[in-house]
Structure formats: structure tokens, C-alpha cells
Amino acid sequence: MRLKISLLKEPKHQELVSCVGWTTAEELYSCSDDHQIVKWNLLTSETTQIVKLPDDIYPIDFHWFPKSLGVKKQTQAESFVLTSSDETGSHLVAQASLVLLASSNPPALASQSAGITGKFHLISKLGRVEKSVEAHCGAVLAGRWNYEGTALVTVGEDGQIKIWSKTGMLRSTLAQQGTPVYSVAWGPDSEKVLYTAGKQLIIKPLQPNAKVLQWKAHDGIILKVDWNSVNDLILSAGEDCKYKVWDSYSRPLYNSQPHEHPITSVAWAPDGELFAVGSFHTLRLCDKTGVRNVLNDAVDLLEFRDRVIKASFNYAHLVVSTSLQCYVFSTKNWNTPIIFDLREGTVSLILQAERHFLLIDGSSIYLHSYEGRFISSPKFPGMRTDILNAQTVSLSNDTIAIRDKADEKIIFLFEASTGKPLGDGKFLSHENEILEIALDQKGLTNDRKIAFIDKNRDLCITSVKRFGKEEQIIKLGTMVHTLAWNDTCNILCGLQDTRFIMWYYPNTVYVDRDILPKTLYERDASEFSKNSHIVSFVGNQVTIRRADGSLVHISISPYPAILHEYVSSSKWEDAVRLCRFVKEQTMWACLAAMAVANGDMTTAEIAYAAIGEIDKVQYINSIKNLPSKESKMAHILLFSGNIQEAEIVLLQAGLVYQAIQININLYNWERALELAVKYKTHVDTVLAYRQKFLETFGKQETNKRYLHYAEGLQIDWEKIKAKIEMEITKEREQSSSSQSSKSMGLKP
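So, how was this worked out
Residues numbered from 1 in each chain as written. Predicted model: local features only at pLDDT ≥ 70, side-chain atom pairs only at ≥ 80, totals over all residues. Heavy atoms only, no water. Helix = DSSP H or I, 4+ residues; strand = E, 2+ residues; numbered from the N terminus. Buried < 20%, exposed > 50% of the residue type's maximum accessible area, 1.4 Å probe, protein only. Contact = heavy atoms within 4.5 Å. Areas by Shrake-Rupley, 256 points an atom, 1.4 Å probe, with all protein chains shown as cover. 1 Å grid on protein atoms, 1.4 Å probe; cavity = no way out; pocket = protein on both sides within 12 Å on 5 of 7 lines; lining within 4 Å. Points joined across faces, edges and corners; volume = space filled by probe spheres on them. Nonpolar A, V, L, I, M, F, W, Y, C, P; charged D, E, K, R; others polar. Expected span 1.5 Å × (residues − 1). Pairing = 2+ DSSP bridges. Axes fitted to C-alpha atoms, helices over the stretch in contact; angles between N-to-C directions. Phe/Tyr/Trp six-rings, centres within 6.5 Å; stacked < 30°, edge-to-face > 60°. Lys NZ or Arg CZ within 6 Å of the ring centre and 35° of its normal. Salt bridge = Lys/Arg side-chain N within 4 Å of Asp/Glu carboxyl O. Parallel < 35°, antiparallel > 145°, perpendicular 65-115°, else oblique. Left-handed = near helix turned anticlockwise from the far one by under 90°. Arc of directions from axis to C-beta.

## As for the overall build of the protein chain
Now for step 1: Per the secondary structure count, the protein chain includes 14 helices and 46 strands.
Now for step 2: Looking at the protein chain as a whole, 53% of its 748 residues qualify as buried.
Now for step 3: For the protein chain, contacts bridging at least 24 residues in sequence account for 46% of all contacts bridging at least 6.
Now for step 4: Per element, the accessible surface of the protein chain, about 35,300 Å² overall, is 50% carbon and sulfur.

## Observations concerning the layout of surface pockets
Now for step 1: Size it by volume and the second largest pocket reaches roughly 1,300 Å³.
Now for step 2: Contributing to the lining of the second largest pocket are 39 residues, with D447, Y505, N507, A597 and N598 lying nearest its centre.
Now for step 3: Those elements that provide at least two residues to the lining of the second largest pocket are strand 38 (459-463), helix 2 (508-511), helix 3 (559-568), helix 5 (585-597) and helix 8 (629-639).
Now for step 4: Of the residues that constitute the lining of the second largest pocket, the class distribution is 16 nonpolar, 13 polar and 10 charged.

## Points about the environment of P252
Now for step 1: Following the sequence through the fold, P252 ends up in strand 20 (residues 252-255).
Now for step 2: Along the sequence, P252 and I234 sit 18 residues apart, while their C-alpha atoms lie 9.5 Å from each other.
Now for step 3: Those residues in contact with P252 that lie beyond four places of it in its chain are V245 and W246.

## Some words on unusual backbone geometry
Most peptide bonds take the trans form, and the phi angle of most residues other than glycine is negative.
Now for step 1: A positive phi angle, close to 70 degrees, is found at C241, a residue other than glycine.
Now for step 2: Examined against the element boundaries, C241 turns out to sit in the loop between strand 18 (233-238) and strand 19 (243-247).
Now for step 3: With a phi angle near 65 degrees, A316 is a residue other than glycine that sits in the positive phi range.
Now for step 4: Relative to the helices and strands, A316 resides in the loop between strand 24 (308-314) and strand 25 (317-322).
Now for step 5: When its relative accessible area of 42% is taken as the criterion, A316 is described as partly exposed.

## Some words on helix 12 (residues 683-696)
Now for step 1: Compared with an ideal rise of 1.5 Å per residue, which puts 14 residues at 20 Å, helix 12 spans 20 Å between its outermost C-alpha atoms and is within 8% of the ideal.
Now for step 2: All of the buried residues in helix 12 are D684, T685, V686, L687, A688, R690 and L694.
Now for step 3: Remark: G698 follows helix 12 within two positions and exhibits a positive phi of approximately 65 degrees.

## Some remarks on the sheet that holds strand 44 (residues 533-538)
Sheets are built from strands that pair by backbone hydrogen bonding, the pairs being arranged parallel or antiparallel.
Now for step 1: Pairing in this open sheet of 3 strands is antiparallel, and the strands run 44-45-46 from one edge to the other. Of all the strands in the sheet, the pair left with one neighbour each is strand 44 and strand 46 (551-555). Direction aside, neighbouring strands of the sheet carry axes that sit 20 degrees apart on average.
Now for step 2: With 5 bridges joining them, strand 45 (residues 541-545) and strand 46 adopt antiparallel strand pairing. Residue pairing for strand 46: T543 is matched across the bridge by H553.

## Some remarks on the packing of aromatic side chains
Now for step 1: Inspection of the entire model under this criterion finds 29 aromatic pairs.
Now for step 2: Clustering of aromatic rings is evident, with ring pairs tying together Y29, F62, W64 and F80.
Now for step 3: Note that R343 overlies the ring of F374, its terminal NZ or CZ placed 5.0 Å from the centroid.
Now for step 4: Positioned over the ring face of Y706 is R690, at 4.8 Å from the centre of the ring.

## Here we look at the pattern of salt bridges
Now for step 1: Summed over the entire model, instances satisfying the criterion amount to 26 salt bridges.
Now for step 2: For the salt bridge of R384 with D386, the shortest nitrogen-to-oxygen distance reads 3.1 Å.
Now for step 3: A salt bridge links D684 to K723; the nearest nitrogen and oxygen atoms lie 3.1 Å apart. With D684 in helix 12 and K723 in helix 14 (residues 717-743), this pair connects stretches of sequence that are 39 residues apart.
Now for step 4: Residue D684 is classed as buried on the basis of its relative accessible area of 14%.
Now for step 5: The network of salt bridges with shared partners includes E27, K39 and K125.

## Digging into the packing of helix 3 against helix 4 (residues 572-582)
Now for step 1: Relative to each other, helix 3 and helix 4 sit at 160 degrees, their axes nearing to 8 Å. As far as their axial angle goes, helix 4 and helix 3 are roughly antiparallel. Crossing of helix 3 against helix 4: the hand is left-handed. For the pair helix 3 and helix 4, the contacting residues are Y559, I562, L563, Y566 and V567 in the first and W572, D574, A575, L578, C579, F581 and V582 in the second.
Now for step 2: Of the residues assigned to the contact of helix 3 with helix 4, the class counts are 11 nonpolar, no polar and 1 charged.

## Observations concerning the sheet that holds strand 21 (residues 265-268)
Now for step 1: Across the sheet, 3 strands lie side by side as 21-22-23; this open sheet has antiparallel pairing. What marks the edges here is a single partner per strand, and that holds for strand 21 and strand 23 (282-287). Here the average twist between neighbouring strands, direction ignored, is 15 degrees.
Now for step 2: As defined by bridge partners, strand 22 (residues 274-279) adjoins strand 23 across 6 bridges and the pair is classed as antiparallel. Paired with V277 across the two strands is R284, which belongs to strand 23.

## Overview of helix 4
Since the α-helix turns once every 3.6 residues, residues separated by three or four places project in the same direction.
Now for step 1: Taken residue by residue, helix 4 has W572, A575, V576, L578, C579 and V582 as its buried positions. Seen from one end, helix 4 has its buried residues packed into an arc of 160 degrees, which puts them on one side. Those residues of helix 4 that are exposed and aimed more than 90 degrees away from the buried face are E573 and F581.
Now for step 2: For helix 4, the secondary structure elements touched by its buried residues are helix 3, helix 5 and helix 6 (601-610).

## Some words on the pairing of strand 37 (residues 449-454)
Now for step 1: Of all the 6 residues making up strand 37, 6 are buried; the element is thus mostly covered by neighbouring parts of the structure.
Now for step 2: Going residue by residue along strand 37, you find K449, A451 and I453 tucked away on one face and I450, F452 and D454 tucked away on the opposite face as well.
Now for step 3: Of the strand pairs in this sheet, strand 36 (residues 434-439) and strand 37 are connected by 5 bridges, and their pairing is antiparallel. Paired with L439 across the two strands is I450, which belongs to strand 37.
Now for step 4: Relative to strand 38, strand 37 runs antiparallel, the two being bridged by 5 bridges. What sits directly across from F452, in strand 38, is C460.
Now for step 5: Hairpin remark: strand 37 followed by strand 38, antiparallel, with 4 residues in the connecting loop; positive phi at R457, about 65 degrees.

So, in C-alpha cells, the structure goes:
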């Protein structure tokens, strides 16, 4: 991406331009010392004077009311706050024009002038001044709405930081210091305020007595700050001629080289991927790592009628959003794209899946097919699209996942085809705040998994279809700070502390957690810092952006993806031949878990033998000798640790004794007795095994239920063994009868 600079032959303002503000991707407002507020239209190149302010109002800062607050607040969303001084000499910092407007020499800093008053003004989009409030002694140097539009913060020459209601009523003076406060920004949760204090930056929570974070950020006076709500990163700029990037814990992420002049303006793009830096006769576009874009000789292959806002290239399709339209190109035909109009031109994010793509703008989420057909628009209460990014939204062929901003422990899941919540409308809830989410891309809907990283940097995985039931959230790894799924098969990769990790078959945690470590690939990743990020995982190549902005590519073995393909096509013999050819433990371990998950115990036996799991080979042999397919299915589930599901399979098939026996084998004595009493069978069997268990450890019965049912009952092992043999014979006969009926085309 490059900056496109346009200079008008005749300036529309006669004095210094102090502040600007965008309303849409093609419209912005500007304020100047000539007391004019001018609207600019980039499509038509027209300018319109909105209002001529009184001669005693000199604009300093400008901020629009948040837009993504629903229809009820739409009227107020068409307004902005303008901070000012009643004397032009009190301008401490002139805001450099960020995109189209010419800047002037940075004015010298002046001390606060006695008798000067600063006001802020609430002004409608049409130019009507709704309210003017005397806010500070000296100029009001900055004013910012919080993200909910419920509060306004102002700072001034008097060193005060004040919080106001949305109607302009003073709520509190958050802080006061002896030096002017030049800039201010809200934290992403609107619960903290960042402001300047000379060479220091200060983050102060709104709650009384909460811990204040303060650090020295520059060697000169700090002139401008911005805090992005999407990536939670802080920008600062100062008289030391540097701009810097920080995380919200005051840790430095980037420190620019000194410029020739003080940096007077910085601003994030809404999606948090880029930011602009302004200085004397200088405008610079940077990505979030602080690295400057140096592709000045790029060749334009595709031309568009309007400005390009966003673009995404994946799954053999290029999706381009301009200020008015969306273009969908297929790699098979670059000449005739699918084109449709956008509801709003400020697209902040494009996500692609194999079958469709997602557009996110300032107010809604839209899912479209690659033919341009609108599919759905998921919503949930309190949804804010302005803070969504690729880490908090994920898309697959059948599911849309969105992390909630109001409660970061919650992930909302939607059906892609309808936009409705999955299942009964419940959401996925975790015990800690969730930082990054990702849906796997292949396989059936019922097997869809979501992986996420929480605040403790734990990597967890769970099923999107069965959350809240037996299938729980399971931890895959610790100290993981970025992750990505492969685009063609369900292989997961991540950076774990100083290691690069590949989970060749993450579903192993639901099949046989003991062999999960054997399904991993690890390599040293000390050349990547903790701030590195996985950009993509396409085919056999992982692309990582390091903290310095450079891209690094890691190639992985193609064999795990081929194994996934064979298994998905049920080509078990080919899968075994592949593992014998590769001769790697990771491949055999993956095949073992895959075979158990798909119920192919013959292949599972071969794979477990190859990795030396002899006890599991013996158990698989015992499963193969069971008399009925229901028993085999139940014990496969039991092998994977799904006890409740195994019991349900047996009870539905009428194999009550088998259900009782698996609970006896697992020493679930309460459940075994409960089933025996409920179905009025094998109560004596349960009591006999319980008695034998206690005798082995030399203990007496203390359970009241067992004592109650044991009263007057004589244990006869011969009788019990005969009943068990009868159950097995009955099950075998039922299985044979069922198979005979099927071979004759009859229902069993």
C-alpha cells in the first residue's frame, strides 16, 4: 500500500489547518484558524463550507462521535466534538494534516497565557453548534469520545484531564499536573485513559485507587499519542523527532530513527494494521511493526475506478474493496471480476474461506459467496465491528466465530449459511480472556474445531458443535503467542516460546491424549522474537512476520498433508504404505489416532504396534473379538476416553450388562449400581464385584446404598458367571441375526 498525495492549486483554507476528521472513506472535515469547517468529498473533489465559527474560536482538535452504536444513537453519531482556544497564540501543537491537507512549520511551544479560556463544542454534521462548554483555563488541546459514546475526555494547558458526559456535563477531574497535557486517548475497553506528561506517558484507570502505569517514553516533550482498540498498541511522538510503538504494558515494540523535525501527529488506521506519521513537510505510512513501506516502484496490474481500501488473496480468489464497491477476481479469469456495491465503504477486514468470504465494515458483518451473492449477516447483542480483526474473527466453510469485546471470555458461534447462532444459541465460554481464535478449515461440520489462545498464553481446542456437553476445552500447549490452521487440511502450527510447533493431528487429544506428544513436530525458533506473528499457513509453507517487519517462510514436510488426504478418502492401505515409506514416528502416531477416530481398528493396531504401544495393541485385539458392532463402537469410544458416549451407545442397543460392566471396570461403583437398579438386572453382579474389590484392599463396605441392597443377599459367583455368559451369548445371537437380516435386505 502507498500513500496517494493530492495538492489543490488553490488552498481552501486561508490559515493554518489545525485538525481533520474522516466521516467515511471518501469524506472528511477540516478545521482551520480561518474559523471555517470545510467538508471534502474525494469522489467529486468538491469542498463545502459547513460553518463559519465565531472569530474568538480557534480550533485545535476534532473527533467524531463513534459510529457503530446502532440506529438509536444514529442522530448523535452525526456529530463531533471540537476543542478550541479563544486566542490563536495559545496553539501549543498544530495537528499536521494526515492525508490531503498541507501542513505548515511546527509552531514554537508557548507557555500558558493568563486569562485564556478553552472550550469544547458539540457540533452537528450540518454545522450547527449544539453546545459550547468552558472546559479549561488555557486552550483545550485534545478531546476524545470513548468507544461507547458515553463519555468525553478533554485535556488542556492547565494540566487537567477531565471526564464529561455525552451531553457536556462535567463528571470528574481524573488527574491534574503542573505541565500542559498535549494529547489523550482512551484504552480499548474505555476503562483507562492514556495522556502525556512532558516526557512521560501515563495510563490512568477510571476506577479510584486503581494502579497507575507511568513510564518515560521520549527524550523530548511528547506531542501526540494514539491507542488502537483493535491491536491494543500505543503510538507516541515527540520533540525528540521520534515516533514509537508500545504495548499496553509500556513495553517498547518499535523505536524510529530520529527525523529532521519534531513528530507532530500520529494516527492509527481503524483496523490497526497501518498508521500515519506527520512532521514538517513529511508524511509517512507505516505498518504496525513500525517499518516503513519502501515499495515505491510497484507495478499496478489491476485498475479500479475508486480508491482501494482493503484486499485479500486466498483460495484462488482476490477480493478487493474500494470505497464504493467490492471486486471478486478468480485466478482463472482476471478480466471479468464479480462486482457488487457496498452498503458502507469503510471495509476494515476481509476474511476468506474456501466457499465464501466475510466483509466487515463500521456497522455490520456480511458473508458473500465468490459469485457475489449475499449469504448472511450474523449479529449478537452489543456487537462492535469497529474493533474486530483477524485475531478475533474466524471463518470456515460452515461456521463464523467472533470473540465478544464486552466479555473477552466468550466466543459467539454462527452458522455461515444462515447467520444464526449455532445449536440452541449458547456461546462458548472460557475461564480466561481470549486473545486469538482460529477455526479449522476442512472436514465435516460436526467435527469442526476451534483453537484459541487465552490471556495466560495457553493454546486450547474444543468442538464448535458440542460445547457445554461432555466435550470440554482441552489445553494443547503453553506459552503460545500466535497460531494458524492449514488451508487444505487440519494441521495446526504455532510459535511456542522459543519453539516452532506443528500439531499434525490436533484431534488426537480427543482420541488418545497419551500419544499427542508423538504427533508433534518441533524446531528451534529463537530467530523469531515473541512479537512475531504467523501471517499464513498455505500448503507446505508457513509465513511469519518478525517484529522488525520482515517476512520469513518455513517449509514443512508434505507427508502429513498427504496422510490427511488418504484418511479423509478412507484409503487406509495407502496411508499405511505412506507411513512405512516415510518411517517417522509422528506419521505412525497420527495414523493411529486417525484410525481410532474413524473406527478402523485394523489400521490402528498396525500403527500402535509401529510406535511401541503394546498394551493398546492388546486392547484393540480385545475390541476386535467383541460379539457386536455396538460393543465394538462403545469400546472404541471408551478407548478415546468418551465414557458417557460409550454408555449411551450400549444402552440404546439394549446392552445393559455391558454398560454396567464398563462402569465396574472403571470403578464407577455409584453409576454401576444406579444402572443395575434402574434396569432391574445384575444387581447381584455389581455387589459381587464390589465385595471382591473391597476384599482385595482389606476394607469394609461403608456406602449406605450398597449396604442397603446387600441385606439378605447371598453372593453366588457360579450363578453370576452363568448370567454373564448368557448375556454374551444373547448379544452374539442378536448380532448374527442383525447381519443375516441385512444380507436379505430386511430391517433387523
